[in-house]
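# Structural overview for review
Here is how the chains run, residue by residue.
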Amino acid sequence: MNNVHSQRVNSLLGALEDIGRDAKRGGYSRPVYSAAETTLREWFIAEATGRSLEVSTDANGIIWAWWDVPGSAKNAASRRGALVTGSHLDSVPGGGAFDGPLGVASALAAYDQLAAREASGELVRNRAMAITVFPEEEGSRFGVACLGSRLLTGAIDPVRALNLRDEQGNTFAEVATAHGLDPARMGRDETALAQIGDFIELHVEQGKGLNSEEHTDHAGRGPAIAVGDTILGHGRWRLSFSGQGNHAGTTLMADRSDPMIAAAQTIVAVRSIGSAQDNARATVGRLEPVPGGTNVIASRVDLWLDVRHPEDAVTAMLVEKIHGQAQKLAAFEGCTVHLTEESFSTTVHFDAGLTRSLAQSVRRLVPGAPLLPTGAGHDAGVLAALVPSGMLYVRNPSGISHSPQEYVEDDDASAGVLALADALEDLL
């Protein structure tokens, strides 16, 4: 096995270290089509072009870098049923260095490995391959996770997507237009879907699965790689509490209709309701008062709710419970509350045949590589509804993600490249 190319992933990631650093939050803030994320997209295009891959950006803002079969025409017909791998480059506010970029950098390094094998005669291909970069996977700017893959697959109405607004009031249509996209062409793309025969996404593990007692050795170290098998059903909802905005100094406590109180009490209720249900996750990670002044009683408070559970019916039940409690708490404070669903993804079971193939490939390199469920959403989970999809996870010793403490060791990142390259070779 040639490790030179697998080790290249660490230098690729090193080139991104200073892009999008967040001095206030720590970590990285790279919302879609921001200066930082645009720089990362340009970096990917330069890296792919430098490898003689044919690069294009489709109507939904997804970047494709094609490795065509030698001697074939470079068109949709010859690329039909191709093997596709990739991830995203945007981040949550104050996120880690690996969530997204690890998958993209690993795909480039795996290509290097495969190209070397093809040059030596070890690999003979009869199938095209592409590396993709999906926009707005995190949903940190426009509120809907996996927006690029949802548009591609038709999982979101393009009219709704185009009218989404960021915190500054810019619509997705306006921002997309400013970055050279035509909103009129956005939506389900049958040609692009036909080109995806299988999709594999490598990602940093976003929990403690590989370092759990079940999988660690006598030294307390888990295997470097896991194969994904399921993604918990999950969604995002906005609770908007409305009350009476007023002066903080002149309004007596008894005369207030303060939506902040109802929102705060609801946040406590979210934890209580989520904790009472086995295997549930319920989180409020964002809250915005309007108008947001220190000496102003808010007129409205918006909070965003994230709920996840393996059973979609349980997820719906938990949201309804939380909504019901929020209504009671709002009414007690003389306020009202409105619930809006922003996104929902059902529980995903990855393609069984592809999962078996990935496990067989990976276990040649990492014999103890387990099958691992996750509570984190991914573009692979959206694509899984229409094309065979699968995932590889690289061990995260901290078990922490969406945080500056997210981490991957260099040797594990290199192992991820080799595992991805072996899996891709078996499918090519």
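A brief structural summary. Being a predicted model, the structure only gives us computed values, none of them experimental. (Residues numbered from 1 in each chain as written. Predicted model: local features only at pLDDT ≥ 70, side-chain atom pairs only at ≥ 80, totals over all residues. Heavy atoms only, no water.)

Within the secondary structure, Ser401 is located in the loop between strand E15 (389-394) and helix H13 (410-427). You can call Ser401 buried: its relative accessible area is 17%. Polar contacts involving the side chain of Ser401 include one to the side chain of Gln206, which spans 3.0 Å. Ignoring anything within four residues of it in the chain, the contact list for Ser401 reads Asp99, Gln206, Asn396 and Glu406. (Helix = DSSP H or I, 4+ residues; strand = E, 2+ residues; numbered from the N terminus. Buried < 20%, exposed > 50% of the residue type's maximum accessible area, 1.4 Å probe, protein only. Polar contact = N/O pair within 3.5 Å; in protein donor to acceptor, adjacent residues only side chain to side chain. Contact = heavy atoms within 4.5 Å.)

For the rest of this paragraph, the subject is the pattern of salt bridges. Opposite charge on two side chains permits them to pair, given that their charged atoms come into close proximity. Scanning all chains against the criterion turns up 24 salt bridges. Across the pair Asp18 and Arg21 runs a salt bridge whose closest N-O atoms are separated by 3.6 Å. Given a relative accessible area of 66%, Asp18 falls into the exposed group. Among the residues examined, Arg21 registers a relative accessible area of 51% and is labelled exposed. A salt bridge links Glu118 to Arg125; its shortest N-O distance comes to 2.9 Å. Among the ionic contacts, a cluster of salt bridges with common partners joins Arg8, Glu47, Arg51 and Asp112. (Salt bridge = Lys/Arg side-chain N within 4 Å of Asp/Glu carboxyl O.)

Moving on, we get to the layout of surface pockets. Put simply, the second largest pocket is a space of about 260 Å³. Every residue lining the second largest pocket is counted, 15 residues in all, and those nearest its centre are Leu13, Gly14, Glu17, Ala97 and Phe98. Per-element tally for the lining of the second largest pocket: the top contributor is helix H1 (residues 3-14), with three residues. A breakdown of the residues in the lining of the second largest pocket according to their chemical character gives eight nonpolar, two polar and five charged. (1 Å grid on protein atoms, 1.4 Å probe; cavity = no way out; pocket = protein on both sides within 12 Å on 5 of 7 lines; lining within 4 Å. Points joined across faces, edges and corners; volume = space filled by probe spheres on them. Nonpolar A, V, L, I, M, F, W, Y, C, P; charged D, E, K, R; others polar.)

Our next topic: the nonpolar core. One finds Trp43, Phe44, Leu102, Met129, Ile131, Ile225 and Leu392 to be the most contacted residues of the largest nonpolar core, which totals 55 residues. Counting 24 residues, the second largest nonpolar core, distinct from the first, contains Trp66, Leu193, Ala226 and Met391. (Core = buried A, V, L, I, M, F, W, Y, C linked by side-chain atoms within 4.5 Å.)

With five of five residues buried, strand E2 (residues 63-67) is to be regarded as a mostly interior element. Burial along E2 is two-sided: Ile63, Ala65 and Trp67 and Trp64 and Trp66, pointing in opposite directions, are all buried. Summarising the sheet, E2 and strand E4 (residues 129-134) pair through five bridges and their orientation is antiparallel. Along E4, the bridge assignment pairs Trp66 with Ala130. (Pairing = 2+ DSSP bridges.)

Enumeration according to the criterion identifies six aromatic pairs in this entry. Arranged with centres 5.2 Å apart and planes meeting at 75°, the rings of Phe142 and Phe172 form a pair that is edge-to-face. Of this pair, Phe142 sits in the loop between E4 and helix H5 (147-153) while Phe172 sits in helix H7 (residues 172-178), and the two are 30 residues apart along the sequence. Both rings, one in Trp237 and one in Phe344, keep their centres 6.1 Å apart while their planes meet at 50°; by these two values the pair is tilted. Taken together, the residues Trp237 in strand E7 (residues 233-242) and Phe344 in strand E12 (residues 336-345) connect sequence positions 107 residues apart. The exposure class of Phe344 is partly exposed, given its relative accessible area of 27%. The cationic tip of Arg125 hangs over the ring face of Trp67; the distance from NZ or CZ to the ring centre is 3.6 Å. The ring of Trp304 carries Arg286 above its face, with NZ or CZ at 3.7 Å from the centroid. (Phe/Tyr/Trp six-rings, centres within 6.5 Å; stacked < 30°, edge-to-face > 60°. Lys NZ or Arg CZ within 6 Å of the ring centre and 35° of its normal.)

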